[in-house]
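Breakdown of the fold
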Amino acid sequence: MNHYPPLRFDYSGVLRPEFGLSESQIEAALSELDAYRREMLTTDLELFGRGTDIPAEKVPLDAGFIDLPDRLLDEYRTVRSTSELRSILVAAKRIQDSFDRVVILGIGGSYMGARAILESCCDPFYNELPCGERGGRPKIYFAGNNVDNDHTQGLLHLLRSTTISGDPHSRWALVVISKSGGTLETAVALRQFMQELKRSFGAEALPDALIPITGASGKLSELAEAIGCRTRFAVPEGVGGRFSIFSAVGLVPAAIMGADIVKLLEGASQMTDHFRREAPAENLVMNYVAVNRLMELRHGCLTRVLSAWSNALESTGFWYDQLLAESLGKQEQGALPLTVVNTRDLHSRAQQHQEGRRDKLMNNLIVDRYRHDSLAVGKIGWNQDGLDAYADLTLPQIMQAAIQGTNQAYAEDRRPSTNLHLPATDEPSLGQFFQMMMLATVLEGRWMRINPYGQPGVEAYKMHMKRFLESQRV
Ligand code: PA5
């Protein structure tokens, strides 16, 4: 298997006894974490594999994500023609060849991964590019992640006004993702977008144009059966919603938008291997958890700011917000995740981060290599802005100065920061990142003695909302 440039975690910015941690505190935490790593990789995986006799405090045990990338890649290499990955690639090719636009319906874990992959691995103006420059791939829209009237109406209007009756090149498809198959936001949107599909192309278009990704049973699975959907994918058992980015949930949209899903999985698998084998002191996942949790416990850093130094990583940050919040926000515990994009948010949140409450750890997410050549400031024939002195400097150089300057400003005011380096915004790096954060979140949950899987708290609003809706039933 390919070996990709690894992620790097530099936590020297917290190694300051006045406002941070000592090496010995980190060492002690790492040895404690080693026991939880063993538990995750042995007991949890064994119990999960057996599927029965799981102790009550471990239920649900959705440990299937841990070796999912390895399982998919192994299957692809050994029985390629019948493998899940090949089916995904074949389906993606059919969708790319047949449709001009794809609407992806889903919410939470059934939405955020696909959006993160689109923004981090594809062109920043993917939808706006001429079709040829998108490699002939369809434009991508997301819906079903809210019950927002105007957003839904806006997208329906866009689809209607760009559909040319009888023109096969203006056909669009609907990928609907819901593990349970019963999530209200997604189910409501499905009705509305199915209606639009029927209106534009007739009911006979549905079996080809509707692509469900759902559990083995449930309302969506039954609907797919009734319609006779030609292409369907399953969300594997034992892989929770926010841990499902490396299942069809993330991979089908990724393949449609032209991301290299094999490299994505190889990056993830490289991270699993690193987590499994690397000694605690060099283990990225364990170090990340040790530093973040210790800063929370010892220095009250209850807010974990993921400071992404690239526009391409905003949705990746939102994906992480959901992962951390739904997994660890339990039993009155769990740090508050907050994504910022810099340098943009240096002009909105930085004031508070520099001089507000001392309850934050800044985790910088830094891109080491850009996709395009470095763009210089340049000369324009006037120098009223005084920038001629910097004409030869490039955007990556200015970004680097901003990162260093911001970290220094934090350090001078005794505010902690760490740097997590992504070699690039590409599939191998993002594959490593997603898997690193999923492993880290479960490891931290075990250390906190809470169950990182499941989201029982989310049921409360659903119950009350249902009651209000029931009272308006016709
Ligand atoms: O992480 C989770 O499990 C949740 O965020 C779910 O993904 C979300 O509630 C959507 O659920 P479903 O895929 O069943 O529609």
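Predicted, not measured: the structure shown is a model, and the values here were computed from it. (Residues numbered from 1 in each chain as written. Predicted model: local features only at pLDDT ≥ 70, side-chain atom pairs only at ≥ 80, totals over all residues. Heavy atoms only, no water.)

With that settled, the discussion passes to the packing of helix H1 (residues 23-50) against helix H15 (residues 427-448). Two elements in contact, H1 and H15, have axes separated by 9 Å at closest approach and are oriented at 110°. Considering their axes alone, H1 and H15 lie roughly perpendicular with respect to each other. Two secondary-structure elements touch here, H1 through Ala29, Glu32, Leu33, Tyr36, Arg37, Glu39, Met40 and Asp44 and H15 through Leu439, Val442, Leu443, Arg446 and Trp447. (Axes fitted to C-alpha atoms, helices over the stretch in contact; angles between N-to-C directions. Helix = DSSP H or I, 4+ residues; strand = E, 2+ residues; numbered from the N terminus. Parallel < 35°, antiparallel > 145°, perpendicular 65-115°, else oblique. Contact = heavy atoms within 4.5 Å.)

Close contacts around the ligand come from 13 residues, with Ser110, Ser178, Ser180, Thr183 and Gln322 the closest. Gln322 places a side-chain nitrogen or oxygen 2.7 Å from an oxygen atom of the ligand. With the chains in place, 88% of the 390 Å² that the ligand exposes on its own is no longer accessible. Judged by the fraction of its atoms near the pocket grid, the ligand is located in the largest pocket. Classifying every residue of the shell around the ligand by side-chain character gives one nonpolar, nine polar and three charged. (Near = heavy atom within 4 Å. Polar contact = N/O pair within 3.5 Å; in protein donor to acceptor, adjacent residues only side chain to side chain. Areas by Shrake-Rupley, 256 points an atom, 1.4 Å probe, with all protein chains shown as cover. 1 Å grid on protein atoms, 1.4 Å probe; cavity = no way out; pocket = protein on both sides within 12 Å on 5 of 7 lines; lining within 4 Å. Sits in = over half its atoms within 2 Å of the grid points. Nonpolar A, V, L, I, M, F, W, Y, C, P; charged D, E, K, R; others polar.)

Here we take up helix H12 (residues 314-328). Three or four residues apart is the spacing at which side chains of an α-helix point the same way, because the helix has 3.6 residues per turn. End to end, H12 covers 21 Å across 15 residues, agreeing with the expected 21 Å (1.5 Å per residue, within 8%). Judged by how many residues are buried, H12 sits mostly within the fold: eleven of 15 residues are covered. For H12, the secondary structure elements touched by its buried residues are helix H4 (112-121), helix H11 (284-299), strand E7 (303-308), strand E8 (336-341) and H15. (Expected span 1.5 Å × (residues − 1). Buried < 20%, exposed > 50% of the residue type's maximum accessible area, 1.4 Å probe, protein only.)

Take the pattern of salt bridges next. All chains considered together, the criterion is met by 29 salt bridges. The partner of Lys93 in a salt bridge is Asp97, and the shortest N-O contact between them spans 2.7 Å. With a gap of four residues between them, Lys93 and Asp97 both fall in helix H3 (residues 84-98), about one helical turn apart. As a salt-bridge pair, Glu196 and Arg199 come within 3.3 Å of each other at their nearest N and O atoms. One end of the pair, Glu196, and the other, Arg199, are both in helix H6 (residues 184-201), three residues apart, so they sit about a helical turn from each other. Exposure remark for Glu196: the relative accessible area of 4% places this residue in the buried category. Note on Arg199: relative accessible area 52%, which makes it exposed. (Salt bridge = Lys/Arg side-chain N within 4 Å of Asp/Glu carboxyl O.)

On inspection of all chains with the given rule, the structure shows nine aromatic pairs. Note on Phe65 and Phe243: the rings are 4.9 Å apart at their centroids and 35° apart in plane angle, and the pair reads as tilted. Taken together, the residues span a long stretch of sequence, with Phe65 in the loop between H1 and helix H2 (68-78) and Phe243 in the loop between strand E6 (233-234) and helix H9 (248-256) at a distance of 178 residues. Both residues of the pair, Phe65 and Phe243, belong to the buried class. An angle of 65° between the planes, with centres 6.4 Å apart, marks the rings of Phe246 and Phe434 as edge-to-face. Of the two residues, Phe246 is situated in the loop between E6 and H9 and Phe434 in helix H15; the sequence distance between them amounts to 188 residues. (Phe/Tyr/Trp six-rings, centres within 6.5 Å; stacked < 30°, edge-to-face > 60°.)

A separate point is the domain arrangement of the chain. By the assigned domains, the chain splits into domain 1 (8-59 + 267-457) and domain 2 (65-259). For domain 1 and domain 2, the distance between their C-alpha centres works out to 29 Å. Between domain 1 and domain 2 the total buried area reaches about 2400 Å² when both faces are included, carbon and sulfur atoms providing 64% of it. In terms of surface lost to domain 2, no three residues of domain 1 exceed Ser315, Gln322 and Met438, which account for 21% of the buried area on that side. Across the contact surface, domain 1 and domain 2 share one salt bridge. Linking Glu326 and Arg242 is a salt bridge whose minimum nitrogen-to-oxygen distance equals 3.2 Å. (Domains from an automatic or database assignment. Buried area = accessible area lost by both parts, 1.4 Å probe.)

Further remarks concern the sheet that holds strand E5 (residues 210-214). Strand order in the open sheet made by the five strands is E3-E2-E4-E5-E6, with parallel pairing throughout. Each edge of the open sheet is held by one strand with a lone partner, namely strand E3 (139-143) and E6. This element, helix H5 (residues 149-161), spans strand E2 (101-105), E3 and strand E4 (172-178) of the sheet and lies at about 150° to E3. (Pairing = 2+ DSSP bridges.)

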